[in-house]
Amino acid sequence: MIDDLNLQFGIDKKIAFTLGNGDLPKAILLAEDATAEIYLHGAHVTSFHRHGWGEMLWMSDESNFRTDRPIRGGVPICWPWFGQPQPELPQHGFARTSQWEVIETKTHADPSLEIALRLTDSEATRQLWPHPFELTMRVIVGRDLTMQLSCLNTGEEPLDAEAALHTYFHVQDIDAVRVAGLDGRRYIDKLDALQVKPQAGELSIDREVDRIYLETPDAVTIHDGAERRIEIQKSGSLSTVVWNPWIDKSAAMADFPNDGYRTMVCVETTNAADDVRTIQPGEVHTITQSCRCEPATGPADPAEAIL
Ligand code: TA6
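Here the structure is a predicted model, which is why all the values come from computation and not from measurement.

1. So, the overall build of the protein chain
Alright, step 1. Broken down by element type, the protein chain carries four helices and 24 strands.
Alright, step 2. In terms of overall dimensions, the protein chain is globule-like: its C-alpha atoms have a radius of gyration of 19 Å, near the 19 Å expected for 307 residues.
Alright, step 3. In terms of its C-alpha atoms, the protein chain occupies a principal-axis envelope of roughly 50 × 50 × 40 Å.
Alright, step 4. Counting the 307 residues in the protein chain, one finds 52% classified as buried.
Alright, step 5. Across the protein chain, the fraction of contacts at a sequence separation of at least 24, relative to all contacts at a separation of at least 6, is 62%.

Below is the structure:
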């Protein structure tokens, strides 16, 4: 399998396939500005490392790497539902525990690299969700990490689908983190009987946080202490989830280190809650998230300071 993937989709010294943890196949992308890793299991991005800026994504060192479990950390794809609408259904849908196939790899002049993976309906997915679909995940690796999740409705009936690029960002220390860009928005508080509450100012995290922010088409910035900030741009999404499990929930998850909450925050580009999308037959809905590490202060990019 690995030899076939390299023969068909490998790009010399830029994109290669190998067996990762749990002997699950993964792609390694070596772009000029950054490196990244994506497992075919769940089309799951597990690493994005912009040269000079360190690893942008948080990964649990206790994660499972099994075909029947989601990987903990990186960017799980939640689709076609967010949360667990029925107790017998898998939390966050089935996309993150499915085996995706590589359909394309390419280089760009800018000079980023791109890989596209696809998941189409099967007997197994139709057991859980009786609809035909074609899901494509495009990952573009350059100065930014850009992910585009597109759903084509290949059936005859409209589809109602939720989605989340459930991104775990690595931070130096949660005590110094501030999340900006949500001021004045309302959020559903999943820890307080789904009460809808207003967000005043920037969000600091000193307890468990599990919130779905509504009417949030805008960019969000994670200020990660004095060192760096992470700019998150998005499209096709009007809801944003912020999650940190804090002490008790970290300890309760077998695949999550007890102190993991100190160095991670999830800021998720979603179609969740009333932002569920109806996709007409033959139509496509795309949700996009683009993330960039920048210095905590000063010009967005040294090169831009000169221009
Ligand atoms: O995005 C936040 C959330 O919905 C939390 O409620 C928590 O369940 C988290 O996702 C992780 O879910 P998982 O199924 O990956 O353990």
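2. A short note on the side chain of Thr288
Alright, step 1. Position of Thr288 among the secondary structure elements: in strand 24 (residues 284–295).
Alright, step 2. For Thr288, a relative accessible area of 13% puts it in the buried group.
Alright, step 3. Discounting chain neighbours no more than four positions away, the residues touching Thr288 are Thr146, Met147, Gln148, Gln233, Lys234, Ser235 and Thr269.

3. Some points on the pairing of strand 16 (residues 195–198)
Alright, step 1. Where strand 15 (residues 186–189) lies against strand 16, four bridges are found, and the strand directions are antiparallel. Within the sheet, the bridge partner assigned to Tyr187 lies in strand 16 and is Lys197.
Alright, step 2. Where strand 15 folds back onto strand 16 in an antiparallel hairpin, the turn is made up of five residues, including Ala193, whose phi is positive at roughly 55°.

4. Looking at the environment of Gly54
Alright, step 1. Tracing the backbone through its elements, the reader meets Gly54 in strand 5 (residues 54–55).
Alright, step 2. Overall, Gly54 belongs to the partly exposed group, its relative accessible area being 24%.
Alright, step 3. On a C-alpha basis, the gap between Gly54 and His170 in space is 9.5 Å, while along the polypeptide they are 116 residues apart.
Alright, step 4. Apart from the residues lying within four places of it in its own chain, the contact partners of Gly54 are Phe48, His49 and Arg228.

5. Examining the nonpolar core
Alright, step 1. Formed by 68 residues in total, the largest nonpolar core has its most connected members in Trp79, Trp100 and Leu149.
Alright, step 2. For Leu149, the contacting residues outside a window of four places in its chain are Ile77, Trp79, Trp100, Leu135, Thr136, Met137, Ala163, Leu165, His285, Thr286 and Ile287.
Alright, step 3. Judged by nonpolar contacts, the second largest core, of eight residues, contains Ala164, Ile188, Leu214 and Ala272.

6. Quick notes on the UniProt feature "binding site: substrate" (unreviewed entry) in the protein chain
Alright, step 1. Under the local residue numbering, the UniProt record ascribes the feature "binding site: substrate" (unreviewed entry) to Arg72, Gln91 and Arg96. What stands out for the annotated residues spanning 25 residues is how close their C-alpha atoms remain, the widest pair being 13.3 Å apart. Of the annotated set named above, Arg72, Gln91 and Arg96 line the largest pocket.
Alright, step 2. With respect to the helices and strands, Arg72 occurs in the loop between strand 5 and strand 6 (77–78).

7. Structural notes on empty space enclosed by the protein
If you roll a probe as big as a water molecule over the atoms, it shows you where there is empty space left.
Alright, step 1. Taken as a whole and assessed by the stated rule, the structure comprises two cavities of 30 Å³ or more.
Alright, step 2. Reported here for the largest cavity is a volume of approximately 60 Å³.
Alright, step 3. For the largest cavity, the lining is made up of 13 residues, of which Trp79, Cys151, Ala163, Asn271 and His285 are closest to its centre.
Alright, step 4. Broken down by secondary-structure element, the contributors of at least two residues to the lining of the largest cavity are strand 10 (145–152), strand 23 (277–279) and strand 24.
Alright, step 5. Here the lining of the largest cavity is composed, by residue class, of eight nonpolar, three polar and two charged.
Alright, step 6. Estimated volume of the second largest cavity: approximately 30 Å³.
Alright, step 7. What lines the second largest cavity is Asp218, Ala219, Val220, Ile232, Lys234, Thr240, Val267 and Thr269.

Rules behind the numbers
- Residues numbered from 1 in each chain as written.
- Predicted model: local features only at pLDDT ≥ 70, side-chain atom pairs only at ≥ 80, totals over all residues.
- Heavy atoms only, no water.
- Helix = DSSP H or I, 4+ residues; strand = E, 2+ residues; numbered from the N terminus.
- Rg over C-alpha atoms; globule rule 2.2 N^0.38 Å.
- Buried < 20%, exposed > 50% of the residue type's maximum accessible area, 1.4 Å probe, protein only.
- Contact = heavy atoms within 4.5 Å.
- Pairing = 2+ DSSP bridges.
- Core = buried A, V, L, I, M, F, W, Y, C linked by side-chain atoms within 4.5 Å.
- UniProt positions renumbered as here; feature names shortened; annotations may be inferred.
- 1 Å grid on protein atoms, 1.4 Å probe; cavity = no way out; pocket = protein on both sides within 12 Å on 5 of 7 lines; lining within 4 Å.
- Points joined across faces, edges and corners; volume = space filled by probe spheres on them.
- Nonpolar A, V, L, I, M, F, W, Y, C, P; charged D, E, K, R; others polar.

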